[in-house]
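Here are the chains, one letter per residue:
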Amino acid sequence: MTSFFHPTIAFFGLGLVLLLLARTTVTWWRWLLPLAPILAIIAVFSATPGDHLHLRYLGMDLSLGRLDGLSLLFANVFAIQALIGFIYAFHLKEIRHHVAAAVYVGGAFGCVFAGDYVTLFIFWEIMSVASTLLIWFNSKQNPRAVGAGIRYFVIHTIGGLMMLAGILLRYQVVGDFTFTGIIPADAQYYDWLIMLGFGVNAAFVIAHAWLPDAYPEATIPGAVFMSAFTTKTAVYVLARGFAGWEFLAWMGVAMALWGVFYATMENNARRILSYHIMSQVGYMVAGIGIGTAMTLNGTCAHAYAHILYKGLLFMSVGAVLYAAGTAKLNELGGLAGRLPLVMLAYVVAGLSISGMPIFNGFVSKTMTIAGAFNDHQVLLGMLMEVAAVGTFLSVGLKLPYFAFWGGKPTYDKPLKPIPVNMYIAMGAAAFLCIAQGLYPDLLYRFLPYPGAYDFQPWSSWKVLMTLMLLGFTGLGFMVMRGVLKPHAQRNLDFETLYIYLGRAFLALVSWPLAKIDAIWSEVYERVGLVGLLFLGKITSWFDKMGIDFVLDNSAIGAREAGGILTTAQTGRLQDYLALAIALAAGIGLLVWYLA
């Protein structure tokens, strides 16, 4: 067996080192940030396909290193985008943000290389927790980040529980946790649970609103990371396990149309881009559902290209937000002359996502659409073309027009200088978007399914058809730009339903929980008094011996007269005791079940 250095080790190690350095006075720690992505790039490009890193735990055979064409392609672009993302975030002095980002990226690599459902679930949940922190860490600058992060975490927890339920039910029938493809005709109810759990991260319609709700509220570098990993990890696992499911073909088209519909109405630039993550992932999900070699290759190619150009979109809009302090189109305008390099970076990304020839979106998106027509899925192909029109209309035209040219006559407020590292990251991503568009072999050589080179994007008909489609869309925008003028109000989506359901749930459980808490407090005060007296005597003895008994970080000792704890100390001890009991019970139940 050939040795394989798992990239997750590098990113988790980076997070650990940063944590250890957090309380020191060293200032050079930011130079460690590119190290983990560079090690990941070396590991991925030098890896040999095969099964690596097997582990036997609690009677389960866990596989942490399944390397094949599909996993290596996603790992390839994950490593490149991680390097670009850490360069973009290099100026950020908040070390905890870099820790969360490193753990998040490490979790994504763990999912991609997982050969069994248990390993996949563990890294899946690590990603969920770490990405939530990237939202919450923006709460000082943006109070909306708190609520958005809570909703994000709850929705992903629900998706994770659906996935876990399906995995455990499947294990009872199949007898192992191996993560393999599922033939649609053989699918059982637990397979649907797993697929729907994956679908939450992929932003299936109805389960999608966490995406435009949370991503715009994340930190500026955090949104760049999140645009690359969560949904694309979901695309990977869907391609791995559910290729050829017709449900996914129609769900993908619904995602593509839903995303562009809302994006054309939005005012916040980062919400527009978030809806277009949903839309572009819809193409990938549709390609997985159709399930031919061409559409699966199209899915993989589009995922690769999307990570690069979507990251560039979030970086350029993030640069505008960093400099101007707002990403609302109705407050922007005339920035092309004041931020020319940012404008150029955005134009490259906007033309890439729109599928303009010369850019990487053209050589990836057209493969999926052509695959649909080749498989005689004419309606699916036509609907994806309609979504392509909406993409160019909203991201390729509306957003840059009102941010950099139209909108207000000019944004005349002072602009905050943009750090050089942000320009370097944007330049690297823009270079890759153009290079892959001009030389499709840079992308096609990594595609995992046979026949990658059967599709030739640079035919005269494909180029002419694309130019006509985009040209007429541009003409329509010039005619309707008054109608498409952004408005300040926030559009209603399923996130509103999330909010009201959350409030209803809190109202439902608050009364019984309050009663339980009152009963617990009374029982604790009566039954626990003897224990507290005994503890007080012990702590008094410790004090006499010159030993400080610490209950918390403030070093509050139990030194009160008679050795009896204060009210504040008993309350804190009660919380610690309840937490310890809950953790012990949870761990005990988990070990009992697995054993």
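Scroll up to find the structure this text is about.
A brief report on the enclosed structure follows. Values in this document were obtained by computation on a predicted structure and should not be read as measured data. (Residues numbered from 1 in each chain as written. Predicted model: local features only at pLDDT ≥ 70, side-chain atom pairs only at ≥ 80, totals over all residues. Heavy atoms only, no water.)

Quick notes on the overall build of the protein chain
Logical step 1: Along the backbone of the protein chain there are 21 helices and two strands.
Logical step 2: Taken over 595 residues, the protein chain has a buried fraction of 54%.
Logical step 3: Expressed as a percentage of contacts within the protein chain between residues at least 6 apart in sequence, the contacts between residues at least 24 apart total 80%.
Logical step 4: Summed over all atoms, the accessible surface of the protein chain reaches about 25700 Å², with 70% contributed by carbon and sulfur. (Helix = DSSP H or I, 4+ residues; strand = E, 2+ residues; numbered from the N terminus. Buried < 20%, exposed > 50% of the residue type's maximum accessible area, 1.4 Å probe, protein only. Contact = heavy atoms within 4.5 Å. Areas by Shrake-Rupley, 256 points an atom, 1.4 Å probe, with all protein chains shown as cover.)

A word on the pairing of strand β1 (residues 50-57)
Logical step 1: Summarising the sheet, β1 and strand β2 (residues 60-67) pair through seven bridges and their orientation is antiparallel. Residue pairing in the sheet places G50 in a bridge with L67 of β2.
Logical step 2: The antiparallel pairing of β1 with β2 creates a hairpin that spans two residues between the two strands, and L58 there sits at a positive phi of about 50 degrees. (Pairing = 2+ DSSP bridges.)

Observations concerning helix α1 (residues 7-21)
Logical step 1: The first and last C-alpha atoms of α1 sit 21 Å apart over 15 residues, in line with the 21 Å expected at 1.5 Å per residue.
Logical step 2: Those residues of α1 not exposed but buried are P7, T8, A10, F11, L14, G15, L18 and L21.
Logical step 3: Lining the buried residues of α1 we find α2 (35-45), α3 (69-88), α4 (95-112) and α5 (117-136). (Expected span 1.5 Å × (residues − 1).)

Side note on the packing of α4 against helix α9 (residues 220-241)
Pairs of packed helices are described in terms of their axes, by the angle between the two and the distance that separates them.
Logical step 1: Two elements in contact, α4 and α9, have axes whose closest approach is 10 Å; the angle formed by their N-to-C orientations is 15 degrees. With respect to each other, α4 and α9 are oriented roughly parallel. Note on packing geometry: the crossing formed by α4 with α9 is left-handed. Residues H97, A101, Y104, V105, A108, C111 and V112 of α4 form the contact with α9, whose own contacting residues are P221, G222, F225, M226, F229, T230, T233 and Y236.
Logical step 2: Here the residues of the contact of α4 with α9 sort into 11 nonpolar, four polar and no charged. (Axes fitted to C-alpha atoms, helices over the stretch in contact; angles between N-to-C directions. Parallel < 35°, antiparallel > 145°, perpendicular 65-115°, else oblique. Left-handed = near helix turned anticlockwise from the far one by under 90°. Nonpolar A, V, L, I, M, F, W, Y, C, P; charged D, E, K, R; others polar.)

Remarks on the packing of aromatic side chains
Logical step 1: Using the criterion set out here, one finds 34 aromatic pairs in the structure.
Logical step 2: With a centroid separation of 5.4 Å and 45 degrees between ring planes, the pair formed by W124 and F198 is classed as tilted. Residue W124 is located in helix α5, and its partner F198 is located in helix α7 (residues 189-202); the two are separated by 74 residues in the primary sequence. Across the pair, exposure class does not vary: W124 and F198 are buried alike.
Logical step 3: Each residue in the set F4, F11, F74, F78, F86, Y104, F109, F113, F225, F229 and Y236 is aromatic and connected to the rest through ring pairs, giving one cluster.
Logical step 4: The ring of F90 has R30 sitting right over it, with the charged end atom 5.6 Å from the ring centre. (Phe/Tyr/Trp six-rings, centres within 6.5 Å; stacked < 30°, edge-to-face > 60°. Lys NZ or Arg CZ within 6 Å of the ring centre and 35° of its normal.)

A few points about the nonpolar core
Soluble, globular proteins show a tendency: their nonpolar side chains are buried together.
Logical step 1: Judged by nonpolar contacts, the single largest core of 172 residues is most densely connected at F74, F109, L120, F198, F229, L238 and L312.
Logical step 2: Formed by 12 residues, the second largest nonpolar core is a distinct cluster that contains A286, I369, M384 and A387. (Core = buried A, V, L, I, M, F, W, Y, C linked by side-chain atoms within 4.5 Å.)

Let's talk about the pattern of salt bridges
Logical step 1: Summed over the entire model, instances satisfying the criterion amount to eight salt bridges.
Logical step 2: Where D61 meets R56, a salt bridge forms, and the shortest distance between an N and an O atom there is 2.8 Å. Taken individually, D61 and R56 each receive the classification exposed, so the pair is uniform in this respect.
Logical step 3: Among the salt bridges present, the one from R240 reaches D68, with a minimum N-O distance of 2.7 Å. Here D68 lies in the loop between β2 and α3 and R240 lies in helix α9, a separation of 172 residues in the sequence.
Logical step 4: Overall, D68 belongs to the partly exposed group, its relative accessible area being 22%. (Salt bridge = Lys/Arg side-chain N within 4 Å of Asp/Glu carboxyl O.)

Focus on helix α14 (residues 360-374)
Logical step 1: With 15 residues, α14 should reach 21 Å at 1.5 Å per residue; the first-to-last C-alpha distance of 22 Å fits that figure.
Logical step 2: Two residues or fewer after α14 comes H376, characterised by a positive phi angle close to 65 degrees.

Thoughts on a nonpolar patch on the surface
Logical step 1: On the surface, a cluster of nonpolar side chains totalling about 960 Å² of accessible area is made up of W461, L464, M465, M468, F472, L475, V479, M480 and V483.
Logical step 2: Residue position: L475 is located in helix α18 (residues 460-480). (Patch = residues over 30% accessible without salt bridge, like charges linked within 9 Å, V, L, I, M, F, W, Y side chains within 5 Å.)

Let's talk about the packing of α3 against α9
Logical step 1: Here α3 crosses α9 at 175 degrees, and the two axes come no closer than 10 Å. As the angle between them shows, α3 and α9 are arranged roughly antiparallel. The residues of α9 that touch α3, namely those facing L70, S71, F74, F78, Q81, A82, G85, F86 and Y88, are I220, P221, V224, F225, A228, F229, K232, T233, V235, Y236, A239 and R240.
Logical step 2: When the residues that make up the contact of α3 with α9 are grouped by side-chain class, the tally is 15 nonpolar, four polar and two charged.

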